[in-house]
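Residues per chain are reported as follows:
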Amino acid sequence: MERLKSNGGEHVNPAYDATLDEPSYQNEHRTVRPSVVSAFGHDTLDRVPNIDFYRNEGTLSGHRAVRPSLQEIHDVFQKNGAISVPDTVEDDDEGSEGAPSEDMESAPPPKKKASEAVKFGWIRGVLVRCMLNIWGVMLFIRLSWVFGQAGWGLGIVVILLSCVVTTITGLSMSAICTNGVVRGGGAYYLISRSLGPEFGGSIGLIFAFANAVAVAMYVVGFAETVIELLKENNAIMVDELNDIRIVGCITVVLLLGISVAGMEWEAKAQLVLLVILLAAIVNVFVGTVIPATEKKQSEGFFNYNSKIFLENFTPDFRGTESFFSVFSIFFPAATGILAGANISGDLRDPQKAIPQGTLLAILITGITYLGVALCVSATVVRDATGNVLDRLNETTCNASVACDLGWNFTSCATETCKFGLMNNFQVMTMVSGFGPLIIAGTFSATLSSALASLVSAPKVFQALCKDNIYKALHFFAKGYGKNDEPIRGYILTFIISVAFILVGNLNTIAPIISNFFLASYALINFSCFHASYAKSPGWRPAYKFYNMWLSLIGAILCCVVMFVINWWAALITYGIEILLYIYVTVKKPDVNWGSSKQAVTFVSAVSNALSLTGIEDHVKNFRPQILAMTGSPKIRPALLDLAHSLSKDFGLCITCEVFVGPRSEALEDLNSGMEKNQLWLRKSKRKAFYAAVACDEFRDGTESLLQASGVGRMKPNIFMMGFKKNWRTAGRESMQTYVGILHDAFDFEYGTVILRVSEGLDVSHIVEAEEEMLKAAKEQEAMESEMMANGGRSRGIFRKSRKSSQQVLATRVSVCAPPPPQVVKRNEQLLEASAHFKKKQPKGTIDVWWLFDDGGLTLLLPYILSTRKKWKDCKLRIFIAGQPERSDLDKQEMESLLQKFRINCTDVVVIDDIHVKPRPDSLKQLDDMIEPFRLHEGSKDMAEAEAMQKDSPWKITDEELISFEEKTQLQVRLNELLQEHSKYANLVIVSMPIARKESVSDYLYMAWLDILTRNLPPTLLIRGNHKSVLTFYS
């Protein structure tokens, strides 16, 4: 291991600027970790594990450090060079492989210190908010009615079932919260980071809207209570409806003022409301033990009595009410469990606060609901007249509990009474020790819920807008002040709330809002199940008291409850969510949050790939799986587009590149190109994979790709490359490598395809020039901005290299000067030609010269092309070889075969004059082509001929030309026929001739391919692996 000189236990690096260690938005000095020397006793580039290496780019929670790369540690040690990797280095926003950069943590640094922001603990931040939201008006107004209808037996079931749904959701939320850092956004953040932007974006929008409308619902509830008091005192201002609107709008304005003042003021207001609410609840319990007055007895209250308790045990559903209708009325009271999670960005430790506060709030509120309901059920009868004259003076009784207690409420059986559990919504006020305190509790419950929703909606909406999933809403992402308050979101929520107070029919929209909340719960449960089911190593929640199947049951329960509450509202909720999901899916936001959807997709892919290995290939399921030697995908677009047309969405397409040279240099290019090229494929909508290898020899690299590409049954079966037009001038080694690759493809039993186009196959020189110019422009821009930022002097980690780079840059800019007009015009022509297969093809034909039976690949590939949209106007024509005396019979046999294969073509042409000798001028073209590569040993004596053959074994001998004279002339003749019949085809497909190894020289074989495809439209030479890819059996 290398050793370095140590100076006081710290690295000495003259090129390192220590000031860059400090983030620009922090004034305090950052403590640097102890040197590695103190841990290991010697100096080394290796770093001890530290949290700073795992932070996101631009993180607000701490400074991100960059660990030494594997290459820096592994490469050959430079004895004369100083190691320039400091203890921590600034990120410079260049990114890091595998480091997520699009999280909320990567937001711009705040202008003020993070310590100034108000952060809440689990009690004020979560517990108080959740309890206030769950303790709604239901507690004081409708809870007695619920237990009157259902009896306390089924009433307990109603409360417990609600608590089961919310508890399961709380457990699921706890697991998700403790599986990593939680930022602002509440339910939206949890769902989006678990299930991805599609689900998160859809539920985030409707959840924020639901909270905004909930503000109006709670405020109207408050206003209605106020108006009831005004009516009792004859103080109505205009009329009931308009008074509700006036009081509602004034209330929303006041709540908005509290919210905009800051989270600290809002939290103080919540504490005041909590005290009032707790006093009101205690007031109910106290009232049950205060002896009942005669007036209270006439209204059905008799203090604790076992007979009343037993009578109220059984249900007594009246009218159209049922267990499910009663449950649907009660359950919305339990939908406040996300109040704490919705302000996750304002919590000191969300991972601890959300689980602890939410679950404890569910427990406390559940016990409270049960306690209050049971106390009322044990003290109040179902029906009472409220008339003190109904006291019994006789002992005659109708066997009712009220009769036993000396009251005659039998008239309630024939007419509707106004008092008792079933009839009076103000039972809690009557039972309590001090009635006005219950009214204050009602006010507190409604206002606290409204205030929580008014804060939740903008916070969730701001987080959604910051992620820029809906680009039109990014305006609302901006925050203000030390707490990054969403002022714009507050104003929008205020406008929505006031609009619904003024014109909205809240009784109609209330079920939809409840369903919106339930949809959020369902997705939180499903997120936990999905993440657990994916079994991703990244799913490691610190909270262990959850179960994936319990979460799934919770998700199903939420969906069932949605339909129980209101079936049409559930359908509307699902419809809106599906539409938003489709919108986000189509828009494809450029984010990557490592969702469980990705993990499940990977697991499914592995599972399906493994299942395929146990099934033998069948000819009916054959599909093209192409290994295309495109190099970088940008530089041979024609080859890539044609390969993509063949594989499309239904087959495998791998674009391959071989980096030739010393491994140290080749690996650097390979590693930098992997992500870049795959990203280019995705952005250009080519559904293909990119693979690359680094080798000393091009043929060795291609051989590696041929052998190792793919996995299981997902392996390429077709090898595709471009035709080497410069084979005569490229040099012997280059040409032999090309032919050798073809031999390798045949050896590994690949179907082989060669594409020849007149121009535009390789546009590497244009792509490289554009990249060079772009790089130079970026460097120039970066250097100018750096010089301006530093008062004209260069500064940075690599100061020396940046100074010298000015000269390099000047040279590069001069080299990258705009080319002459004629060169520009020529480049435009080449680029247009390279995009030939990307465009829709005009009406014409695809001519298939199926000369040799290779298993049917020569016929199948053009048929597949003809089914694509770009080629739908191109008709197939089939050309086959035949004998003059039986041309009609050959045609009938081929038509019959095509019919059995169910392949339609416009014409079958039998060529019966292939055996005719080619024209002399055509033969002369071939002779001129191979002349530089002939040995001409026939005119020499034997010894001299043998010496010549030994010195140039790669040349074409006279003996070889004589041996393969007929096959050579066949290629020339075929070109004549192709010129005659297919000169104007859109695409020509020809069976590829095969050269037997060690019999046909490389140059002669290239001459065959060249003369066969010369002066033709775009041409594909195809040779299958002689295994059937077509069948006429079902």
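Shown above is the structure to which this text applies.
Residues numbered from 1 in each chain as written. Predicted model: local features only at pLDDT ≥ 70, side-chain atom pairs only at ≥ 80, totals over all residues. Heavy atoms only, no water.

Asks: Where do I start with the overall build of the protein in this structure?
Replies: Looking only at helices and strands, the protein features 34 helices and ten strands. When each of the 1034 residues of the protein is scored for burial, the buried share is 50%. Long-range pairs, those at least 24 residues apart, make up 80% of the contacts in the protein between residues at least 6 apart in sequence. (Helix = DSSP H or I, 4+ residues; strand = E, 2+ residues; numbered from the N terminus. Buried < 20%, exposed > 50% of the residue type's maximum accessible area, 1.4 Å probe, protein only. Contact = heavy atoms within 4.5 Å.)

Asks: How should unusual backbone geometry be read in this particular structure?
Replies: Glycine aside, residues mostly have negative phi angles, and peptide bonds mostly take the trans form. Positioned with a positive phi, Arg-902 is a non-glycine residue whose angle comes to about 60 degrees. Counting through the fold element by element, Arg-902 comes out in the loop between α29 (887–901) and β8 (907–911). According to the relative accessible area criterion, Arg-902 is exposed, its value standing at 53%. Even without being glycine, His-1026 reaches a positive phi, approximately 65 degrees. Position of His-1026 among the secondary structure elements: in the segment after β10 (1019–1023).

Asks: Where do I start with helix α7 (residues 240–260) in this structure?
Replies: Note on helix geometry: an α-helix contains 3.6 residues per turn, so any two residues three or four positions apart are oriented the same way. Under the 1.5 Å per step criterion, the end-to-end length of α7 is 30 Å for 21 residues, consistent within 8% with the ideal 30 Å. For α7, the set of buried residues is Asp-243, Ile-244, Val-247, Gly-248, Cys-249, Thr-251, Val-252, Leu-255, Leu-256 and Ser-259. Of the surrounding elements, those touching the buried residues of α7 are α6 (197–232), α15 (435–466) and α16 (487–503). Phi for Gly-262, located one or two positions after α7, is positive at around 130 degrees. (Expected span 1.5 Å × (residues − 1).)

Asks: I'm lost on a nonpolar patch on the surface in this one. Help?
Replies: Taken together, the side chains of Phe-563, Trp-567, Trp-568, Leu-571, Ile-572 and Ile-576 present a nonpolar region at the surface, about 550 Å² in accessible area. Sorting elements by how many residues they give to the nonpolar patch places helix α19 (residues 567–587) first, with five residues. Structurally, Phe-563 is set in helix α18 (residues 548–565). Take Phe-563: its relative accessible area is 37%, and that puts it in the partly exposed class. (Patch = residues over 30% accessible without salt bridge, like charges linked within 9 Å, V, L, I, M, F, W, Y side chains within 5 Å. Areas by Shrake-Rupley, 256 points an atom, 1.4 Å probe, with all protein chains shown as cover. Salt bridge = Lys/Arg side-chain N within 4 Å of Asp/Glu carboxyl O.)

Asks: How should I be thinking about the sheet that holds strand β2 (residues 653–660) in this particular structure?
Replies: Pairing between sheet strands relies on hydrogen bonds along the backbone, with the strands arranged either parallel or antiparallel. Strand order in the open sheet formed by ten strands is β3-β2-β1-β4-β5-β10-β9-β6-β7-β8, with mixed pairing between adjacent strands. Unpaired on one side and paired on the other, β3 (689–695) and β8 mark the two borders of the sheet. Mean inter-strand twist for the sheet, computed between neighbouring axes without regard to direction, equals 20 degrees. Strand direction decides the pairing type here: β2 and β3, joined by seven bridges, are parallel. Within the sheet, the bridge partner assigned to Ile-654 lies in β3 and is Phe-689. Across the sheet, helix α24 (residues 732–747) lies against β4 (718–722), β5 (751–756) and β10, angled at about 165 degrees from β4, the strand it touches most. (Pairing = 2+ DSSP bridges. Axes fitted to C-alpha atoms, helices over the stretch in contact; angles between N-to-C directions.)

Asks: How do you make sense of the packing of aromatic side chains when you look at a structure like this?
Replies: The description of an aromatic ring pair rests on the distance of the ring centres and on the angle between the ring planes. Counting across every chain of the model gives 30 aromatic pairs. Here Phe-475 and Phe-476 contribute two aromatic rings whose centre-to-centre distance is 5.3 Å and whose plane-to-plane angle is 85 degrees, an arrangement assigned as edge-to-face. Of the residues examined, Phe-476 reaches a relative accessible area of 17% and is grouped as buried. Centre to centre, the rings of Phe-964 and Trp-1008 are 6.2 Å apart; their planes meet at 65 degrees, and the pair counts as edge-to-face. Of this pair, Phe-964 sits in the loop between α32 (958–963) and α33 (965–981) while Trp-1008 is found in helix α34 (residues 1002–1013), placing the two residues 44 residues apart along the sequence. For the cation-ring pair, Arg-488 lies above Phe-475, with the distance from its terminal atom to the ring centre recorded as 4.0 Å. The aromatic ring of Phe-1032 is capped on one face by Lys-900, whose charged end is 5.4 Å from the ring centroid. (Phe/Tyr/Trp six-rings, centres within 6.5 Å; stacked < 30°, edge-to-face > 60°. Lys NZ or Arg CZ within 6 Å of the ring centre and 35° of its normal.)

Asks: For this particular structure, what's the right way to read the nonpolar core?
Replies: One broad rule of soluble globular proteins: the nonpolar side chains tend to lie buried together. By size, the foremost hydrophobic cluster in this structure holds 135 residues, and its most contacted members are Leu-143, Leu-338 and Tyr-369. Apart from residues no more than four positions distant in its own chain, Leu-143 is found in contact with Met-138, Phe-330, Tyr-369, Val-372, Ala-373 and Met-428. Counting residues in hydrophobic clusters, the runner-up holds 56 residues, among them Leu-627, Tyr-750, Val-972 and Leu-1012. (Core = buried A, V, L, I, M, F, W, Y, C linked by side-chain atoms within 4.5 Å.)

Asks: Any chance you could explain the pattern of salt bridges here in plain terms?
Replies: Any two side chains of opposite charge can pair, so long as their charged atoms come close to each other. Summed over all chains, the structure comprises 24 salt bridges. When the shortest N-O distance is used, the salt bridge between Lys-459 and Glu-485 registers 3.4 Å. In this pair, Lys-459 sits in helix α15 while Glu-485 sits in the loop between α15 and α16, placing the two residues 26 residues apart along the sequence. The shortest N-O distance in the salt bridge between Arg-713 and Asp-617 comes to 3.5 Å.

Asks: Please clarify how the side chain of Ser-645 should be interpreted in this entry.
Replies: Within the fold, Ser-645 resides in helix α21 (residues 637–647). The residues touching Ser-645, leaving out its near neighbours within four places in the chain, are Phe-837, Leu-865, Arg-868 and Trp-871.

Asks: Please explain the pairing of strand β7 (residues 874–881) as it appears in this structure.
Replies: Moving residue by residue along a regular strand, the side chains alternate between the two faces of the sheet. The pairing of strand β6 (residues 844–849) with β7 spans six bridges and is classified as parallel. Each bridged residue has a counterpart across the sheet, and for Val-848 the counterpart in β7 is Ile-878. With helix α28 (residues 857–866) bridging β6 and the parallel β7, this β-α-β connection has right-handed handedness. Bridging between β7 and β8 involves five bridges; their strand directions are parallel. Considered in β8, the bridge of Phe-879 is made with Val-909. Crossover handedness for the path β7 to α29 to β8: right-handed. (Right-handed = clockwise from strand over helix to strand, strands pointing away.)

Asks: Explain the pairing of β4 to me, please; I cannot follow it from the model alone.
Replies: Burial of β4 is extensive: five of the five residues sit out of reach of the surface. Both faces of β4 are covered, namely the face carrying Ile-718, Met-720 and Gly-722 and the face carrying Phe-719 and Met-721. Both strand β1 (residues 626–628) and β4 contribute to a ladder of three bridges, which runs parallel. Among the inter-strand pairings, Ile-626 is bridged to a residue of β4, identified as Ile-718. One ladder, built from five bridges, connects β4 with β5; its direction is parallel. When the sheet's bridge partners are listed, Ile-718 is paired in β5 with Gly-751. Note that the unit made of β4, α24 and β5 has a crossover that is right-handed.

Asks: When you look at the packing of helix α8 (residues 263–289) against helix α12 (residues 350–377) in this model, what are you seeing that I'm missing?
Replies: The description of two packed helices rests on the angle between their axes and on the distance between the axes. Interhelical geometry of α8 versus α12 gives an angle of 30 degrees and a closest axis separation of 10 Å. Between α8 and α12, the angle falls in the class roughly parallel. The handedness of the crossing between α8 and α12 comes out as left-handed. Each of Ile-281, Val-284, Phe-285 and Thr-288 in α8 lies in contact with α12, whose residues at this interface are Thr-368, Gly-371, Val-372 and Cys-375. Of the residues contributing to the contact of α8 with α12, the split by class is five nonpolar, three polar and no charged. (Parallel < 35°, antiparallel > 145°, perpendicular 65-115°, else oblique. Left-handed = near helix turned anticlockwise from the far one by under 90°. Nonpolar A, V, L, I, M, F, W, Y, C, P; charged D, E, K, R; others polar.)

Asks: Before we go on, may I ask you to explain a negative patch on the surface in this structure?
Replies: On the surface, Asp-696, Glu-697, Asp-700 and Glu-733 cluster together to form a negatively charged patch. Relative to the elements of secondary structure, Glu-697 occurs in the loop between β3 and α23 (698–708). (Lys, Arg positive; Asp, Glu negative; His and termini not counted. Charge placed at Lys NZ, Arg CZ, Asp CG, Glu CD.)

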